[in-house]
Amino acid sequence: MSRSKVANIALGVLCGPILCCWIAFASCCCPGRLHRHGESEDRKRFERRQVMSPRPLAVRPPERALTIPVPIPPTERHKNARGKTLNQSRSRLLSLPLELRQMIWRAALGDSTIHMVLKKNKLGHLRCKESRTVDCPLGYNGKTLSRACCWGAVDRANIWQPKGGNGPKHTDGNVLPLLQSCRQIYSEAIEYLYTTNCFSFYDLDCLRYFSCTTLPSRFSLIRTLDIEWCLTWPIYDPVAQSFLLTSPALYPPHDEATWEETWRVIAAMPNLNFIRVSLLYFDGFRDRRCERKMLAPMRKVTRPKVFEVHVSWHGDEHAEDAPFTLIRPVAEDGEGQ
Ligand SMILES: [Zn+2]
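To keep things clear, this report deals only with the structure shown in the data block. Please read these numbers as outputs of a predicted model, since none were measured by experiment. (Residues numbered from 1 in each chain as written. Predicted model: local features only at pLDDT ≥ 70, side-chain atom pairs only at ≥ 80, totals over all residues. Heavy atoms only, no water.)

**As for the packing of aromatic side chains**
Right, on to step 1. For the structure on display, the rule yields 11 aromatic pairs.
Right, on to step 2. Residues tyrosine 281 and tryptophan 313 carry aromatic rings whose centres are separated by 6.5 Å and whose planes lie at 80° to one another, so their mutual orientation is edge-to-face. One end of the pair, tyrosine 281, is in the loop between strand 9 (274–280) and helix 12 (288–295); the other, tryptophan 313, is in the loop between strand 10 (306–311) and strand 11 (325–327), with 32 residues separating them in the sequence.
Right, on to step 3. Residue tyrosine 281 is classed as buried on the basis of its relative accessible area, which comes to 5%.
Right, on to step 4. Members of the aromatic cluster, each reached through a chain of ring pairs, are Tyr194, Phe199, Phe201, Phe210 and Phe219. (Phe/Tyr/Trp six-rings, centres within 6.5 Å; stacked < 30°, edge-to-face > 60°. Helix = DSSP H or I, 4+ residues; strand = E, 2+ residues; numbered from the N terminus. Buried < 20%, exposed > 50% of the residue type's maximum accessible area, 1.4 Å probe, protein only.)

Have a look at this one:
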């Protein structure tokens, strides 16, 4: 028998028990993870999310444009179409100077945190009850990240569930009624909705859907993003994913493709000024090379003046040459960074 075969057998004898011990340990300490993936729970969740995904933005004909001036209808049959504007000269509110009106629109619609949530076939929004995003308490409710004071609850597929079970509200943030009341108000106020609010996301798909269901000219106005994301399993780590025994190992939005697409969307936002990202994963990365691959798509986001990436795990990578600041938990005494 050759020396290489002897070495392989010896390696197998040594590593076999270690592998068995690891699987037994993982089964005992993290049964939810092994069972969840083994029973295709991720597949059911993925399929439910597909059914509940928002519909694409409908193409609005020019005569129904929301902003003024409304184009003149090209034919007689459009004379009675929706979209005509009425004279508002008798309105006391609209008689105020433009500067005052703009202050009112901003106070009514802006300078808040807007939590974006997934609803049945559409997106929803909830205005944060805290004055600053960082003050909005974030926790793990056993299924996903949750802000109990602002969101209510979500189901296992991360679809928002209204408090009290009264069915989804038309609007939760009291943003739309003012905008829908008058085309002139809409035209003057809509920019404050996008330029002065912080848009908060807890789901990568939610952000991608938002980019597809919002007019590009509006979406590009956004300046502030706050993203919380719970990594359920190591991405860019084929060894760790091989233990899931499913194909594919990771379903969207927890896969590498969704992660990269999300950062492509963010990198293309021209007016971003501030991003705060909070990544939660309970075990950290097994290999610093996998962590570097995970951080790589974020390096393409170069426009924001402030770009913070908070991670919940320790590690050696500091990404000092990156456009973002990587912020790890403070190391305790005797614990590695
Ligand atoms: Zn909040």
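Read on, since the account is not over.
**Points about the environment of aspartate 283**
Right, on to step 1. Positionally, aspartate 283 belongs in the loop between strand 9 and helix 12.
Right, on to step 2. Looking at aspartate 283, the relative accessible area reads 53%, which means it is exposed.
Right, on to step 3. Taking the C-alpha atoms as reference points, aspartate 283 and proline 234, 49 residues apart in sequence, are found 9.1 Å from one another.

**Remarks on unusual backbone geometry**
Where the residue is not glycine, phi is negative for most of them; where a peptide bond is considered, it is trans in most cases.
Right, on to step 1. Following proline 252, the chain continues into proline 253 via a peptide bond in cis, with omega recorded as 5°.
Right, on to step 2. Within the element layout of this structure, proline 253 appears in the loop between helix 10 (238–242) and helix 11 (256–267).
Right, on to step 3. A positive phi is found at aspartate 111, a non-glycine position, where the angle reads about 60°.
Right, on to step 4. Along the chain, aspartate 111 falls in the loop between helix 4 (98–109) and strand 1 (113–119).
Right, on to step 5. The exposure class assigned to aspartate 111 is partly exposed, which follows from its relative accessible area of 47%.
Right, on to step 6. For asparagine 158, which is not glycine, the phi dihedral falls at a positive 70°.
Right, on to step 7. Tracing the sequence through the fold places asparagine 158 in the loop between strand 5 (153–154) and strand 6 (160–161).

**Here we look at the pairing of strand 2 (residues 122–127)**
The two faces of the sheet receive side chains in turn, since in a regular strand these alternate between them.
Right, on to step 1. Direction of pairing for strand 1 relative to strand 2: antiparallel, over a ladder of 6 bridges. What sits directly across from valine 117, in strand 2, is glycine 124.
Right, on to step 2. Linking strand 1 back to strand 2 in an antiparallel pair, the connection comprises 2 residues, with asparagine 121 at a positive phi of about 60°. (Pairing = 2+ DSSP bridges.)

**Here we look at the sheet that holds strand 8 (residues 224–230)**
Right, on to step 1. Within the open sheet, the 7 strands sit side by side as 2-1-7-8-9-10-11. Their pairing is mixed. For this open sheet the edge positions go to strand 2 and strand 11, each flanked by a neighbour on one side alone. The mean angle between the axes of side-by-side strands here comes to 20°, regardless of whether they run parallel or antiparallel.
Right, on to step 2. Of the pairings in the sheet, the one linking strand 8 to strand 9 comprises 7 bridges and is parallel in character. In the sheet register, tryptophan 229 faces strand 9, and the bridge partner there is leucine 279.
Right, on to step 3. On the sheet, helix 11 packs against strand 8, strand 9 and strand 10 and is oriented at approximately 175° with respect to strand 8. (Axes fitted to C-alpha atoms, helices over the stretch in contact; angles between N-to-C directions. Contact = heavy atoms within 4.5 Å.)

**Some details on the nonpolar core**
Right, on to step 1. Residues Leu225, Trp259, Leu279, Met294 and Met298 are the most contacted members of the largest nonpolar core, which totals 69 residues.
Right, on to step 2. Examining the composition of this core, we find that 7 residues originate from one element, helix 7 (residues 183–195), more than from any other.
Right, on to step 3. Aside from chain neighbours lying at most four places away, what touches tryptophan 259 is Leu204, Trp229, Ile235, Tyr236, Leu279, Met294, Pro297 and Met298. (Core = buried A, V, L, I, M, F, W, Y, C linked by side-chain atoms within 4.5 Å.)

**A look at helix 12**
Right, on to step 1. Among the residues of helix 12, those classed as buried are Cys290, Glu291, Met294 and Leu295. Buried residues along helix 12 cover an arc of 140° about the axis, so they all sit on one side.
Right, on to step 2. Buried positions along helix 12 lie against helix 11, strand 9 and strand 11.
Right, on to step 3. N-cap assignment for helix 12: the residue whose side-chain oxygen lies 2.8 Å from the backbone N of arginine 289 is aspartate 287. (Arc of directions from axis to C-beta. Polar contact = N/O pair within 3.5 Å; in protein donor to acceptor, adjacent residues only side chain to side chain.)

**Digging into the environment of threonine 262**
Right, on to step 1. Take threonine 262: it is sitting in helix 11.
Right, on to step 2. What makes threonine 262 buried here is its relative accessible area of 1%.
Right, on to step 3. Aside from chain neighbours lying at most four places away, what touches threonine 262 is Leu204 and Arg208.
Right, on to step 4. A distance of 2.7 Å separates a polar atom in the side chain of threonine 262 from the backbone oxygen of threonine 258.

**Re helix 7**
Right, on to step 1. For helix 7, with 13 residues, the first-to-last C-alpha span of 19 Å sits near the 18 Å given by 1.5 Å per residue.
Right, on to step 2. In helix 7, a bend of some 40° at alanine 189 exceeds every other bend along the element.
Right, on to step 3. The element helix 7 is extensively covered by neighbouring structure, given that 10 of its 13 residues are classed as buried. (Expected span 1.5 Å × (residues − 1). Bend = angle between axes of the 7 residues up to and from the residue.)

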